Amino acid sequence: MTPTAPSPAAPAAFAAVDLGATSGRVIVGRVGRGSLDLTEVHRFPNTPLRLPTGLHWNLPALYQGVLDGLREAARTGPVASVGIDTWAVDYGLLDADGALLGLPHHYRDERTRGLAEGVRDQVGARRMYEATGLQHLPFNTVFQLAAARGSAQLRAARTMLLVPDLLTYWLTGSVGAEVTNASTTGLLDATTGTWSQELAAATGLDVGLLPPLTEPGTPAGALLPYVRAVTGAAEGTPVVAVASHDTASAVAAVPATAAGAAYISCGTWSLAGLELDAPVLSEESRAANFTNERGIDGTVRYLRNIMGMWLVEECRRAWAAQGRPVALAPLLTAAARAEPLAALIDPDAPDFLAPDDMPAAIAARCVHTGRRPPTEPGAVIRCVLDSLALAHRRVLRRAAELAGRDITRVHIVGGGSRNALLCQLTADATGLPVVAGPTEATAIGNVLVQARARGLVGGLPEMRQLVAATQHLRHYRPRGDSRGWAAAEDRLAAGAERPLIQRPGR
């Protein structure tokens, strides 16, 4: 039986499927006029698989987690629709019968190592940026597909689906490519918003593999009968194509109610930048390695990827493996007491993408650049957080210069917004007030796009006003003298800080 649609003024419940690099969850968001409430109904791990063919996502396990979560969501009452957001760039290949050809590779897999530069040189770095506006990252989809060239899987493939689109296909049987995630592939033309025949041809890709593009808020299809049977969802329950790139959903929920706002979506990665009306495709922007990704309503997320809380979590994982588990709260307390700016790293150094021992990688980088490496856990984390704050300062200032915008405040959303020390250090480093929250920005953005499709909320300004009015936000003012941060930035850029490591004399 098809559920009766509520009137536009009546509150409704929406199921947000939010998959991150380490876990997935299903959240029920209830939206009414002036109200927005979230309840997490199911959480499950996201554990990659190391197979003979490389590092892969365990997509069947994630799909089962999604089904379990939708079943829990249905138990809370009628769900108006479902939306899915995940990380970007990774994909699955379907054969002519619609069957998945192997598990999707993980973006941290090493198969693109050294290959991305070759593709970029073949196309031309400037031309590639003019076409896509993307930051050069070795794991972008275009490079992953180039790494798969000539493989039996790619030869047998008839459709390529990014991870959220693949899960949507399994739920509904419908094929599409939601544009905010498609814009991260290196195959979407930044100016026209269509698939680039030129770049597909340059990498030997059959453009026929690329599915039709869809905009956030577009119905993707209804849940299939077998999905309804295992979840208890009502007949006709739609899946809505939300901003399926998790950062795009998070930015949609930034509670910026006036001009001059910059954002940092802080989780495994820190995505720091500005929301613009058009891409910045200048040579200066390319040289600075900024990316232009699609947001909702035709906006552009002009940002840089910075290695984020991944560094903290990998330090904790390494210590736990050594028999020294450290809870996050006391670790941050120790970091707050540690000497500031004593050691700094570039969070985006290749050393930190997937090391076996993150604290050792940090120490080695410090030694390499002539700095005394931190040894105590609190000092290591202070090094990481100081370095992230400095990266936030550097990236936001450069984004403002390249885009010709003034920044008056910074919004930090996502899990990192709970880290009071990082938020305060970011305010200190940037010299700007920081507004922290909401923590659940990605799920909120997911829910609000569904609610807008239902007629319960208006455009971006109204969505953000609702977030600002209903979510707990924390405010941080800059402290101290910013000259110390400027000097630290100069030292890091030059790589010539006075050596602190004393070598034995003759």
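Everything quoted here is computed from the prediction, not taken from an experiment.

Most of strand 17 (residues 409-413) sits out of view: five of its five residues are buried. Burial of strand 17 is two-sided: the residues Arg409, His411 and Val413 facing one way and the residues Val410 and Ile412 facing the other way are all buried. Across five bridges, strand 13 (residues 261-266) lies against strand 17 in parallel orientation. Across the sheet, residue alanine 261 finds its bridge partner in strand 17, namely arginine 409. Both strand 17 and strand 18 (residues 434-436) contribute to a ladder of three bridges, which runs parallel.

Let's shift gears to the pairing of strand 13. Of all the six residues making up strand 13, five are buried; the element is thus mostly covered by neighbouring parts of the structure. As defined by bridge partners, strand 13 adjoins strand 14 (residues 269-276) across four bridges and the pair is classed as antiparallel. Of the residues in strand 14, the one forming a bridge with isoleucine 264 is alanine 272. The turn joining strand 13 and strand 14, which pair antiparallel and follow one another in sequence, is formed by two residues.

With that settled, consider the sheet that holds strand 1 (residues 12-19). The sheet built from six strands is open, its strands ordered 3-2-1-6-12-11 with mixed pairing. Strands with a single pairing partner mark the edges of an open sheet, and in this sheet they are strand 3 (35-45) and strand 11 (218-222). Sheet twist, expressed as the average angle between the axes of neighbouring strands with direction ignored, equals 25°. In the sheet, strand 1 pairs with strand 2 (residues 23-32) via eight bridges, with the strands oriented antiparallel. What sits directly across from alanine 13, in strand 2, is arginine 30. Where helix 17 (residues 441-453) meets the sheet, its contacts fall on strand 1, strand 2, strand 3, strand 6 (81-85) and strand 12 (238-241), and the angle it forms with strand 1 comes to roughly 140°. Packed onto the sheet, helix 18 (residues 460-470) meets strand 2 and strand 3 and runs at close to 85° relative to strand 3.

A few words on helix 3 (residues 125-132). Taken residue by residue, helix 3 has Met128, Tyr129, Ala131 and Thr132 as its buried positions. Angularly, the buried residues of helix 3 cover 165° about the axis, an arc narrow enough to put them on a single face. At the exit of helix 3 stands glycine 133, carrying a positive phi of roughly 70°.

Here the second largest pocket defines a volume of roughly 330 Å³. Lining of the second largest pocket is provided by 16 residues; of these, Ala258, Ala259, Gly260, Ala261 and Glu275 occupy positions nearest its centre. Breaking the lining of the second largest pocket down by element, the ones donating at least two residues are strand 13 and strand 14. Looking at the lining of the second largest pocket element by element, the count peaks at three residues for strand 13. Among the residues making up the lining of the second largest pocket, the classes are represented as 10 nonpolar, two polar and four charged.

Chain-level statistics for the protein chain give a pLDDT mean of 93 and a share of 96% at 70 or above. Counting interchain partners and residues more than four positions distant, the pLDDT-below-50 stretch residues 1-7 has eight contacts. Throughout residues 496-506 the model reports pLDDT below 50, and contacts reaching past four residues in sequence, or to other chains, amount to 13 contacts.

Between helix 17 and helix 18, the least distance of the axes is 11 Å, while the angle of their chain directions is 130°. With respect to their mutual orientation, helix 17 and helix 18 come out oblique. Of the two elements, helix 17 crosses helix 18, and the hand of that crossing is right-handed. Note on element contacts: helix 18 touches helix 17 through Leu460, Met463, Leu466 and Val467, opposite Ile444, Leu448, Val449 and Arg452. In terms of residue class, the contact of helix 17 with helix 18 is built from seven nonpolar, no polar and one charged.

This structure, assessed with the given rule, holds 23 salt bridges. Where arginine 301 meets glutamate 293, a salt bridge forms, and the shortest distance between an N and an O atom there is 2.8 Å. Glutamate 293 matches arginine 301 in its accessibility class, with the two residues each being buried. Each of Asp18, Arg25, Glu40, Arg43 and Glu440 takes part in a single network of salt bridges with overlapping partners.

Here we come to the environment of aspartate 85. Counting through the fold element by element, aspartate 85 comes out in strand 6. Overall, aspartate 85 belongs to the buried group, its relative accessible area being 0%. When neighbours within four sequence positions are excluded, aspartate 85 is seen to be in contact with Val17, Asp18, Leu19, Ala243, Ser244, Asp246, Ser249, Thr442 and Asn446. Of the polar contacts made by the side chain of aspartate 85, one reaches the side chain of asparagine 446; its length is 2.9 Å.

What follows deals with the sheet that holds strand 13. The seven strands are arranged 15-16-14-13-17-18-19 in an open sheet whose pairing can be described as mixed. What marks the edges here is a single partner per strand, and that holds for strand 15 (291-294) and strand 19 (474-476). Taking the axes of each pair of neighbouring strands and ignoring which way they run, one obtains an average angle of 30° across the sheet. Pairing geometry for strand 14 and strand 16 (residues 300-307), over eight bridges, is antiparallel. Bridging from a neighbouring strand, leucine 274 pairs with tyrosine 302 of strand 16.

On to the side chain of aspartate 428. In this fold, aspartate 428 is placed in helix 16 (residues 420-430). The class of aspartate 428 is buried, set by a relative accessible area of 7%. Within polar-contact distance, the side chain of aspartate 428 engages the backbone nitrogen of arginine 479 at 2.8 Å. Non-local contacts of aspartate 428, meaning those with residues more than four positions away in its chain, are made with Arg477, Pro478, Arg479 and Trp485.

Moving on, we get to unusual backbone geometry. Following glycine 437, the chain continues to proline 438 via a peptide bond in cis, the omega torsion being 5°. Looking at the secondary structure, you find proline 438 in the loop between strand 18 and helix 17. Phi at valine 89 takes a positive value of approximately 70°, unusual for a residue other than glycine. On the secondary structure map, valine 89 appears in the loop between strand 6 and strand 7 (91-94). Despite not being glycine, aspartate 297 has its phi angle at roughly 60°, a positive value. Structurally, aspartate 297 is set in the loop between strand 15 and strand 16.

Criteria and cut-off values
- Residues numbered from 1 in each chain as written.
- Predicted model: local features only at pLDDT ≥ 70, side-chain atom pairs only at ≥ 80, totals over all residues.
- Heavy atoms only, no water.
- Buried < 20%, exposed > 50% of the residue type's maximum accessible area, 1.4 Å probe, protein only.
- Helix = DSSP H or I, 4+ residues; strand = E, 2+ residues; numbered from the N terminus.
- Pairing = 2+ DSSP bridges.
- Axes fitted to C-alpha atoms, helices over the stretch in contact; angles between N-to-C directions.
- Contact = heavy atoms within 4.5 Å.
- Arc of directions from axis to C-beta.
- 1 Å grid on protein atoms, 1.4 Å probe; cavity = no way out; pocket = protein on both sides within 12 Å on 5 of 7 lines; lining within 4 Å.
- Points joined across faces, edges and corners; volume = space filled by probe spheres on them.
- Nonpolar A, V, L, I, M, F, W, Y, C, P; charged D, E, K, R; others polar.
- pLDDT = per-residue confidence, 0-100.
- Parallel < 35°, antiparallel > 145°, perpendicular 65-115°, else oblique.
- Left-handed = near helix turned anticlockwise from the far one by under 90°.
- Salt bridge = Lys/Arg side-chain N within 4 Å of Asp/Glu carboxyl O.
- Polar contact = N/O pair within 3.5 Å; in protein donor to acceptor, adjacent residues only side chain to side chain.

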